[in-house]
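Breakdown of the fold
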Amino acid sequence: MIENTKCECGHNNPIGTILCEYCGKPLLEETKEKKTIEQEMRYEGKARRSQIKHKNFIDQVWSFFSSVKVAIILILITLIAAGIGSLLPQERVAATSNPELFYSQEYGIWGEWFYKLGLSDMYNSWWFMTLLAMIGVSLVICSLDRVIPLYRALKNQKVEKSTDFLLRQRISYQESVADEKKEEKFDALTTALKKRRYQIRQEGDSILAEKGRISRWGPYINHIGLIIFLLGVLLRFLIPGWYLDQAMYIQEGQTRKVPDTPYYVKNEKFIVEQYDGKFAGIPKKYQTKLILYQQDSSGNLKPVHRGSAIVNHPFEYKDLFLVQVDAQTNLKGIKLKLMDKKSQQSKGTFLVDLGNIKPNQVYTVGSNLEVRALEYYPDFALENGRPITKSQEVVKPAFIFEVKEKGQKEGERSWVISGENADALTPENKYVIKLAGFEMIPTSGLLVRIDKSLPIIFVGGFICLIGLAMGFYWHHRRVWIRYKDGVLYLGAHTNKSWFSLRRELNQVGKQSGIDLKLVQE
Amino acid sequence: MEQLMENLLLCTFFLYLLSSVAFVMGIKGKKGEEPKQRERKWGNIAVGLAIIGVVFQIAFTITRIFISGHFPTSNMFEFTAFLCFTVVLSFIVLFFIYRTVVLGAFVMPLAVILLAYASVFPKDIQPLIPALQSHWLYIHVTVAALGSGAFAVGFAAGLVYLINQVGNKKSGKNAAYLEVTLVVVLMWVSFILSSFVSGALGYQAEITAQIEGKQVTQKFDLPPIFGPHEGKVVKMDSFLGQKEPLFEVPSWMKGQNAAKNVNSTFWGIITGLILYGLIRLFTKKRLTEILYPLVKKWNPELLDEISYRSIAIGFPIFTLGALIFAMIWAHEAWGRFWGWDPKEVWALITWLFYSVYLHLRLSRGWHGMKSSWLAVGGYVIIMFNQIVINMVISGLHSYA
Ligand code: HEM
């Protein structure tokens, strides 16, 4: 192929130029033979970096990522992957401690493979992140590759283009017009075009009418928005402390440390409301009244903020969000009854507050009895004959108590295991401890969230939207008109919606006494 | 008040139906009549009916807000009815840009189908659970639905384009796929019809089963050919002498209404095929052939452009509603702007799909046939999200 970059009009074009920057004439041999140059008009026929012939490594990477074909493939892969991931619940939603077992038990062989292929937590996986990052890189390179030449071309547009350029537009027209009629036609055309809010530039016997150029920048602005958005997402993983996603349960009245933060929080009151009347049983409101504390230098808790977490209205303090997500009623305490075995007489009751058992805690019962908690197993089990606790959750609480009469030096040991009769373990005992009831307490489930990328992400989204609106609600339309040697030439171009442009120009023509025959009415 | 609301909805339905008929009249052109004039006349009547229908639907919506105290987009009935509303609204906008009567002859029936489909779901008003008490939710749902409405018009225009191009072809892949697409639409319609017939006959069945540890009773409006896994019949009107479901759905189908949905799908497919068989038998024509005369004289470039234009108008709106507003709401409700909930994932898939459509069209020159197929495919994804994801893969968003 001949690399001819100097146009017949005398203008020197950079290598890779398709249409002369000055007069718009096709430069490449293969373009010269084409009936229309619609394809070539997309970037005004400018040279782009990705199109250059001799390539080093960087050029190759550049070309790869600047290809829209590659972008489409990346988007398609992301789309399909995202769809597959939604078929079974993700690990976080399934909230299971043993995902491997969970998937194979619940979903059989499919679940097993879902887990094995890493699809059960795919949205956080390295390869999904890589896909998003590649789309991001592609967006940057692709946009840079095109927007700069496009910007230059549109800014330096010449009014007078070669008739060749005009006639090879997708919409074109020519008609012989007598010299003395020329002025009249030009006036009529400009008036009609101005009425349709075209901006008119006239130089000698040439007119360039243009409107909606902002539409051309739309895709780039929308891509910039997407880049900012993706950057925001990426930063959450890169900068420590930018992103926190934890959960906590907190009983009414309890004060707990907020996981992974310097704060403590107190649940003052947990309100659960239901609809009444015919809709009884349907929840109406969940609200936790909270006080947030921070430890001062001497270790005391100092309140810094109070407020409520309501579903859809999180509690906010600086970057921290506490989000109301769950409501439970939890076991707060166990009421126990101390009985004399022989007489079967109750000596009194005592309450064990499960959230607040100190070692060697002593409960006084009646007037002369003391019960001391020696051991506490929240999740009791026997392992090789020895008592252990399987976890710190209150699942099957068990205790060893020491029961002592006042003044007595050594009391007797007594087991209490929920759901079992432990009396048989200590047949010699004088006293027996029996279950007398439970005390329940409402417990609020909160999400603990910090997401410092949020402003970046939303700004990105907003910019993307502005770009989309610019690109889609405006259309870049240009009409070139030229009078040369007794012939009136007209060529028109739009970046989208050709039919609408045809219809518009047909109207313009009608008002100027030219039958353009662009649409049949 | 409730009676008024019912009546308003009924009026809306008939206005859309009449509008569809008027649009078809507009393109049916008799001999000896000036087609342009006929089109103009019937087009004006039809779009007028559609506009009055929209006004009635707005009145319906307002009445419902009065009764329930919240914007009606919080269950399948309300949301599907609203989707129908957005389709008509988008169509009216596009009609005033392009004035193509043929488009109305396809979009308005689609609106009628959507509204009828909405009525298959329970219409009773439910109070809002806390998770749904947010203004952002309404904003998000309504704007996303508006975007989908524009996509629906893009779909209809794509369909018209395809019929225009291959409707007279006896064979070929495109003709075959197009016929399948139309048969699927027919199945949808016949499911709705059979629901109405069954409802009018007062058919009822209740089957109870253990689902995820809870005893759930499913009410069937259509005779249960499929029942829940290990279900017990509470009551069942006999259907062709049959007193209990013929089949059980497999145990991995866990949705509360999984059996009911499988059953509905089954009825849709069977009655759809029967209806299709009858149509073929009596007209001796394929569906594409029946529709072809209605669309053959339209300029394909125009149809292609309308399809693209609808999607172009819908894309920013969909982005705003289904992604940006959704993120704002999710941030308030769950503290995370994105949770990879199935419904969210499918909104993202829809968006990515349409962005692929736009890129292919712009950079690879996918116009005409390919572009129209993508417009059809996009709407299939939307409907998949609306129907299958809502009712089968239950997530945080599921209504039913
Ligand atoms: C999810 C990601 C993306 C979205 C939502 C998106 C969206 C869009 C939209 C809406 C347009 C305008 C289309 C039209 O006017 O019909 C566009 C154009 C374009 N996009 Fe993207 N895009 C994405 C990713 C990419 C990537 C990764 C590339 C990189 C190769 C890319 C390259 C382009 C190009 C070259 C144009 C044409 C600009 C023009 O000719 O004026 N896009 N994009």
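Because the structure is a prediction, the values reported are computed rather than measured.

Moving on: the overall build of chain A. Along chain A, the regular secondary structure elements total 11 helices and 20 strands. Computed over its C-alpha atoms, the radius of gyration of chain A comes to 39 Å, more than 25% above the 24 Å expected for a compact globule of 521 residues. Its C-alpha atoms give chain A principal-axis dimensions of about 130 × 55 × 50 Å. Expressed as a percentage of its 521 residues, the buried residues of chain A come to 45%. Pairs at least 24 apart in sequence give 58% of the contacts found in chain A among residues at least 6 apart. Working note: accessible area of chain A is about 27,400 Å², and carbon and sulfur atoms make up 53% of it. Side chains of chain A carry 72 positive and 57 negative charges; the gap between the two charge centres is 3 Å.

Let us now look at the coordination of the iron atom of the ligand. Only H223 of chain A (NE2) and H359 of chain B (NE2) from the protein coordinate the iron atom of the ligand, and they sit 1.9 to 2.1 Å from it. Taken together, the six donor atoms coordinating the iron atom of the ligand and their angles of 84 to 178° define a geometry best described as octahedral. One end of the pair, H223 of chain A, is in helix α9 (residues 214-238); the other, H359 of chain B, is in helix α10 (residues 342-363), on a second chain.

On to the UniProt feature "domain: ResB-like" (unreviewed entry) in chain A, then. In the numbering adopted here, UniProt assigns the feature "domain: ResB-like" (unreviewed entry) to residues 68-407 and 425-505 of chain A. As annotated, residues 425-505 of chain A has a helix share of 35% and a strand share of 46%, and its two end C-alpha atoms lie 100 Å apart.

This part covers the nonpolar core. Counting residues in each nonpolar core, the largest one holds 165 residues, and the members touching the most others are Y16, F23, F91 and Y379 of chain B. The element that contributes the greatest number of residues to this core is helix α5 (residues 135-166) of chain B, accounting for 17 residues. Among all residues touching Y379 of chain B, those that are not within four sequence positions of it are V87, L114, S148, F151, A152, F155 and Y354 of chain B. By size, the runner-up hydrophobic cluster in this structure holds 23 residues, among which are A192, Y198, V479 and L501 of chain A.

This part takes up helix α2 (residues 57-66) of chain A. Each α-helix turn comprises 3.6 residues. Residues three or four places apart therefore point the same way. Taken together, the buried positions of α2 of chain A are occupied by D59, W62, S63, F65 and S66 of chain A. Where α2 of chain A is buried, its residues contact α3 (68-85) and α6 (126-155) of chain A.

What follows concerns the pattern of salt bridges. Residues and elements named next belong to chain B. For the coordinates displayed, the defined rule picks out 23 salt bridges over all chains. Between R64 and E78 there is a salt bridge, with its nearest N and O atoms 2.7 Å apart. In this pair, R64 is assigned in helix α2 (residues 35-68) and E78 in helix α3 (residues 76-98), connecting sequence segments 14 residues apart. Like R64, the residue E78 is buried in the burial classification. A salt bridge links R361 to D304; its shortest N-O distance comes to 3.0 Å. Within this pair, whereas R361 is found in helix α10, its partner D304 is found in helix α9 (residues 300-334), the two being separated by 57 residues in sequence.

Let's shift gears to the state of the cysteines. Residues and elements named next belong to chain A. Inspection of every chain in the model, using the stated rule, returns zero disulfides over all chains. Note on C464: no disulfide assigned, nearest cysteine sulfur contributed by C142 at a separation of 15 Å. Residue C464 is classed as buried on the basis of its relative accessible area of 4%.

The next point concerns the sheet that holds strand β13 (residues 369-377) of chain A. Residues and elements named next belong to chain A. Spatially, four strands are ordered β12-β13-β16-β17 in an open sheet, and the strand pairing comes out antiparallel. At either margin of the open sheet sits one strand with a lone partner, and together these are β12 (362-365) and β17 (412-417). Averaged over neighbouring strand pairs, the angle between their axes works out to 30° when direction is ignored. Direction of pairing for β13 relative to strand β16 (residues 398-405): antiparallel, over a ladder of eight bridges. What sits directly across from V371, in β16, is V403.

In this section: the domain arrangement of chain A. The domain architecture assigned to chain A consists of domain 1 (45-154), domain 2 (159-218 + 475-520), domain 3 (243-330 + 445-464) and domain 4 (331-440). Using C-alpha coordinates to define each centre, domain 2 of chain A is positioned 63 Å away from domain 3 of chain A.

Taken together, 28 residues are adjacent to the ligand, and Y43, C142, H223 and K496 of chain A together with H359 of chain B come closest. Chains contributing residues near the ligand are chains A and B. At 2.7 Å from a nitrogen atom of the ligand is found a side-chain nitrogen or oxygen belonging to H223 of chain A. With respect to the ligand, the side chain of H359 of chain B contributes an N or O atom lying 2.6 Å from a nitrogen atom. Mapped onto the shell around the ligand, the elements with two or more residues apiece are α3, α6, α9 and α10 (454-473) of chain A together with α9 and α10 of chain B. Tallying contributions element by element places α10 of chain B first for the shell around the ligand, with six residues. Looking at the shell around the ligand residue by residue, the classes come out as 19 nonpolar, six polar and three charged.

A few words now on the interface of chain B and chain A. Listed as interface residues are 56 residues of chain B and, on the opposing side, 60 residues of chain A. A combined buried area of about 5,000 Å² lies between chain B and chain A, and 66% of that area is made up of carbon and sulfur atoms. In terms of surface lost to chain A, no three residues of chain B exceed R336, F337 and W340 of chain B, which account for 13% of the buried area on that side. Residue D245 of chain A pairs with R336 of chain B through a salt bridge whose shortest N-O separation is 3.2 Å. On inspection of chain B and its partner chain A, the count reaches 17 residue pairs in polar contact (both at pLDDT 80 or more). Looking at the side of chain B that touches chain A, the elements with two or more residues in it are α3, α9 and α10 of chain B. Sort the elements by how many residues they give to the side of chain B that touches chain A and α9 of chain B lands first, with 20 residues.

As a further point, take empty space enclosed by the protein. Over the atoms rolls a probe the size of a water molecule, and in doing so it shows where empty space is left. All names here are of chain B. Within this structure, the stated rule accounts for three cavities of 30 Å³ or more. In this model, the second largest cavity occupies a volume close to 70 Å³. Considering the residues around the second largest cavity, the lining is formed by Q57, F60, T61, R64, P72, F77, E78, A81, F82 and F85. If you tally residues by element for the lining of the second largest cavity, the top one is α3, at five residues.

Below, the discussion takes up the packing of aromatic side chains. The description of two aromatic rings rests on the distance between their centres and on the angle between their planes. Enumeration according to the criterion identifies 42 aromatic pairs over all chains in this entry. A ring pair is formed by W329 of chain B and W334 of chain B, whose centres lie 5.6 Å apart and whose planes are at 50°; its orientation type is tilted. W334 of chain B gets classed as buried once you look at its relative accessible area, which sits at 15%. An aromatic cluster is defined as three or more aromatic residues linked by ring pairs; in this entry it consists of Y123, W127 and F128 of chain A together with W338 and W340 of chain B. Geometry around Y264 of chain A places K257 of chain A over its ring, the cationic atom sitting 5.7 Å from the centre.

This part covers the UniProt feature "domain: Cytochrome c assembly protein" (unreviewed entry) in chain B. Using the residue numbers shown here, the UniProt feature "domain: Cytochrome c assembly protein" (unreviewed entry) corresponds to residues 74-193 and 275-397 of chain B. The span residues 74-193 of chain B is 78% helical and 0% strand by assignment, and the distance between its end C-alpha atoms comes to 24 Å.

All names here are of chain B. Relative to each other, α5 and helix α6 (residues 173-200) sit at 135°, their axes nearing to 10 Å. On the basis of their axis angle, the class for α5 and α6 is oblique. Crossing angle aside, the handedness with which α5 passes α6 is left-handed. Taking contact as the criterion, the partners of L159, L162, I163 and V166 in α5 are, on α6, N174, A175, L178, T181 and L182. Partitioned by chemical class, the residues of the contact of α5 with α6 number seven nonpolar, two polar and no charged.

Right, let's talk about the UniProt feature "transmembrane region" (unreviewed entry) in chain A for a bit. All names here are of chain A. UniProt marks residues 61-84, 126-148, 220-244 and 454-474 with the feature "transmembrane region" (unreviewed entry), using the numbering shown here. Along residues 220-244 the backbone is 76% helical and 8% strand, and the end-to-end C-alpha distance reaches 32 Å. Helix makes up 95% of residues 454-474 and strand 0%, and the two end C-alpha atoms of the span are 30 Å apart.

Here the focus is the domain arrangement of chain B. Residues and elements named next belong to chain B. Assigned domains within chain B: domain 1 (1-127), domain 2 (133-168 + 293-400) and domain 3 (171-285). Taken together, the contact between domain 1 and domain 3 spans seven residues of the former and eight residues of the latter. Between domain 1 and domain 3, the buried area comes to about 630 Å², and carbon and sulfur atoms account for 88% of it. When the buried surface of domain 1 facing domain 3 is broken down by residue, I113, Y117 and V120 rank first, second and third, together holding 70% of it.

So, how was this worked out
Residues numbered from 1 in each chain as written. Chains lettered and ligands numbered in written order. Predicted model: local features only at pLDDT ≥ 70, side-chain atom pairs only at ≥ 80, totals over all residues. Heavy atoms only, no water. Helix = DSSP H or I, 4+ residues; strand = E, 2+ residues; numbered from the N terminus. Rg over C-alpha atoms; globule rule 2.2 N^0.38 Å. Buried < 20%, exposed > 50% of the residue type's maximum accessible area, 1.4 Å probe, protein only. Contact = heavy atoms within 4.5 Å. Areas by Shrake-Rupley, 256 points an atom, 1.4 Å probe, with all protein chains shown as cover. Lys, Arg positive; Asp, Glu negative; His and termini not counted. Charge placed at Lys NZ, Arg CZ, Asp CG, Glu CD. Donors = N, O, S within 2.8 Å, 3.2 Å for Na, K, Ca; no water. Tetrahedral: all angles 85-135°; square planar, octahedral: opposite > 155°, others 65-115°. UniProt positions renumbered as here; feature names shortened; annotations may be inferred. Core = buried A, V, L, I, M, F, W, Y, C linked by side-chain atoms within 4.5 Å. Salt bridge = Lys/Arg side-chain N within 4 Å of Asp/Glu carboxyl O. Disulfide = S-S within 2.5 Å. Pairing = 2+ DSSP bridges. Axes fitted to C-alpha atoms, helices over the stretch in contact; angles between N-to-C directions. Domains from an automatic or database assignment. Near = heavy atom within 4 Å. Polar contact = N/O pair within 3.5 Å; in protein donor to acceptor, adjacent residues only side chain to side chain. Nonpolar A, V, L, I, M, F, W, Y, C, P; charged D, E, K, R; others polar. Buried area = accessible area lost by both parts, 1.4 Å probe. 1 Å grid on protein atoms, 1.4 Å probe; cavity = no way out; pocket = protein on both sides within 12 Å on 5 of 7 lines; lining within 4 Å. Points joined across faces, edges and corners; volume = space filled by probe spheres on them. Phe/Tyr/Trp six-rings, centres within 6.5 Å; stacked < 30°, edge-to-face > 60°. Lys NZ or Arg CZ within 6 Å of the ring centre and 35° of its normal. Parallel < 35°, antiparallel > 145°, perpendicular 65-115°, else oblique. Left-handed = near helix turned anticlockwise from the far one by under 90°.

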